[in-house]
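Notes for the structure review
Now for the letters of each chain:
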Amino acid sequence: MSTRNESYLVGLIGDGITQSLTPPMHEVEADRHGLRYLYRPVDLGVIGRPGTSVGDLLRAGRDLGFNAFNITHPCKQLVLEHLDEIDPRAEAIQAVNTVLIREGKFIGYNTDCSGFTTGFGHGLPGVTVGSVVQFGSGGAGSAVAEALLSLGAQRLCLVDVDVARAAERASELAARYPDAVVEAVTAERATEHIAAADGVVNATPVGMHHHPGTPFDVGLLRPEHWVADVIYLPLETPLVRAARALGCSVLDGGHMAVGQAVDAFALITGVAPDSARMRRHFLELTGQGDDAVTIPASAPEGERNHEKQEGVL
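Criteria and thresholds
- Residues numbered from 1 in each chain as written.
- Predicted model: local features only at pLDDT ≥ 70, side-chain atom pairs only at ≥ 80, totals over all residues.
- Heavy atoms only, no water.
- pLDDT = per-residue confidence, 0-100.
- Contact = heavy atoms within 4.5 Å.
- Helix = DSSP H or I, 4+ residues; strand = E, 2+ residues; numbered from the N terminus.
- Expected span 1.5 Å × (residues − 1).
- Buried < 20%, exposed > 50% of the residue type's maximum accessible area, 1.4 Å probe, protein only.
- Arc of directions from axis to C-beta.
- Salt bridge = Lys/Arg side-chain N within 4 Å of Asp/Glu carboxyl O.
- Phe/Tyr/Trp six-rings, centres within 6.5 Å; stacked < 30°, edge-to-face > 60°.
- Pairing = 2+ DSSP bridges.
- Axes fitted to C-alpha atoms, helices over the stretch in contact; angles between N-to-C directions.
- Core = buried A, V, L, I, M, F, W, Y, C linked by side-chain atoms within 4.5 Å.
- Polar contact = N/O pair within 3.5 Å; in protein donor to acceptor, adjacent residues only side chain to side chain.

1. A word on the confidence of the model for the chain
When pLDDT is averaged along the chain, the result is 91; 90% of the residues meet or exceed 70. Every residue in residues 290-310 is under pLDDT 50, and counting partners more than four places away or in other chains gives 80 contacts.

Here you go:
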């Protein structure tokens, strides 16, 4: 449990993350609680290091007195082999986005999953989650797939340019959710599955500023579909914009971005943040003003039942 006399040094390891909104979200919320909290991005591109150096960076951070790190693309899966302990949910997902440093040990968690779950429940209340097509099965995609199945998806189709990765992830999920049908499908076959789906999720970088476009032909969407995107830079991706125009129910990436930050902050400090306030601050940072939709307070992952930039978590 945190005390007001304790200070926190936190970092974010990833590629192209100097413009991430996670640092200001954490620092401003810490200020509101009277905590001394400094959060700094460690951008692999800026320092000229590959994703495989994540272990070296964690160890250097530990030696320099860091309390924790958030982990993003391309390190969410690469970091696993460098951890001393992994929260059971994160181990099942096989992706970690939060590493606590406790008594010299690295302990991994996944707040992308819990963040997406919270955001989904608030942003798309009451939608049917029977059949879902998800594009992307990397670090963020693995967390989202886990969340969708925990929310009750009965059929989940994973589409990825790395077909082998999608197939491996589908096999792992199918083994843990035997009552659901989980399969990897090609982009060509995704067309027929979208037609029969209740919803579609984008967990790829397609739609970010430097990856323009949509992950699939938006002409396949119907007003009856719900659509979720994990990208928050920009918040209004081409997919989100097209889905809104068609009358679909839409979940933008800001919900997951705030949700994962809320849960990571709680894990790092032991202090329950004001999630509604963090949502308002996020919307201000993205130029959305005070048009905030509050999200319910959430506890750290494990205590209750977010690619090139951190705009895709």
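Structure shown, so let's carry the discussion forward.
2. What about helix H7 (residues 163-176)?
Helix length check: H7, at 14 residues, gives a terminal C-alpha distance of 20 Å against a target of 20 Å (1.5 Å per residue), a fit within 8%. Of all the residues in H7, the buried ones are Ala166, Arg169, Ala170 and Leu173. Relative to the axis of H7, the buried residues are bounded by an arc of 105° and lie together on one face. Set apart from the buried face of H7 by more than 90 degrees, the exposed residues are Ala164, Glu168 and Ala175. Lining the buried residues of H7 we find helix H4 (88-93), helix H6 (139-150), strand S8 (155-159) and strand S9 (181-184).

3. Focus on the pattern of salt bridges
Summed over all chains, the structure comprises 14 salt bridges. When the shortest N-O distance is used, the salt bridge between Arg277 and Glu29 registers 2.8 Å. You can see Arg277 sitting in helix H11 (residues 275-285) and its partner Glu29 sitting in helix H1 (residues 22-32), a full 248 residues away along the chain. A salt bridge links Arg89 to Glu146; its shortest N-O distance comes to 3.2 Å. Placement of Arg89 in helix H4 and of Glu146 in helix H6 is noted, with a sequence separation of 57 residues between them. A relative accessible area of 23% means that Arg89 is categorised as partly exposed. Since its relative accessible area comes to 2%, Glu146 is described here as buried. A cluster of three or more residues bridged by salt bridges with shared partners is formed by Arg49, Asp56 and Arg59.

4. Focus on the packing of aromatic side chains
What the rule picks out here adds up to seven aromatic pairs. Taking 5.7 Å as the distance between ring centres and 40° as the angle between the ring planes, the aromatic pair formed by Phe116 and Phe120 counts as tilted. With a gap of four residues between them, Phe116 and Phe120 both fall in helix H5 (residues 111-123), about one helical turn apart. In this structure, Phe116 and Phe120 share a single accessibility class: buried. Where Phe135 meets Phe216, the ring centres are 5.0 Å apart and the plane angle is 15°; that geometry is what we call stacked. Placement of Phe135 in strand S7 (residues 131-135) and of Phe216 in the loop between strand S10 (199-202) and strand S11 (226-229) is noted, with a sequence separation of 81 residues between them. Assessed through its relative accessible area of 8%, Phe216 is described here as buried. Taken together, the ring pairs in this structure connect Tyr8, Tyr37 and Phe265 into an aromatic cluster.

5. What to know about the sheet that holds strand S2 (residues 36-43)
Spatially, S2-S1-S3-S5-S6-S4 is the arrangement adopted by the six strands of the open sheet, whose pairing is mixed. Where the open sheet ends on each side, the last strands, each with one partner, are S2 and strand S4 (85-86). Where strand S1 (residues 7-14) lies against strand S3 (residues 68-71), four bridges are found, and the strand directions are parallel. For Leu12, the partnering residue across the bridge sits in S3 and is Asn70. Running at roughly 175° to S2, H1 makes contact with S2 and S3 of the sheet. Sitting on the sheet, helix H3 (residues 54-63) is in contact with S1, S2, S3, strand S5 (98-102) and strand S6 (105-109), with an inclination near 155° to S3.

6. Side note on the nonpolar core
Phe116, Phe120, Val132, Leu148, Leu149, Leu156 and Trp226 are the most contacted members of the largest nonpolar core, which has 30 residues in total. Elements with a contribution of two residues or more to this core: H5, H6, S8, H7 and S11. When near neighbours in sequence (up to four residues on either side) are disregarded, Phe116 contacts Val144, Ala147, Leu148, Ala228, Leu251 and Met256. Counting residues in hydrophobic clusters, the runner-up holds 18 residues, among them Val42, Phe66, Cys75 and Val96.

7. Some points on the environment of Leu267
Mapped onto the elements of the fold, Leu267 is located in helix H10 (residues 254-269). With 167 residues separating them along the chain, Leu267 and Leu100 place their C-alpha atoms 7.9 Å apart.

8. As for the side chain of Thr286
As for its position among the elements, Thr286 is in the segment after H11. At 3.1 Å, the side chain of Thr286 forms a polar contact with the backbone oxygen of Leu283. Ignoring sequence-local partners within four residues, the contact set of Thr286 consists of Leu21 and Leu235.

9. Observations concerning the environment of Gly61
The topology assignment puts Gly61 in helix H3. Distance from Gly61 to Ile101, taken between C-alpha atoms, is 9.2 Å for residues 40 residues apart in sequence. In this structure, Gly61 is in contact with Phe66 and Phe69, ignoring residues within four places of it in sequence.

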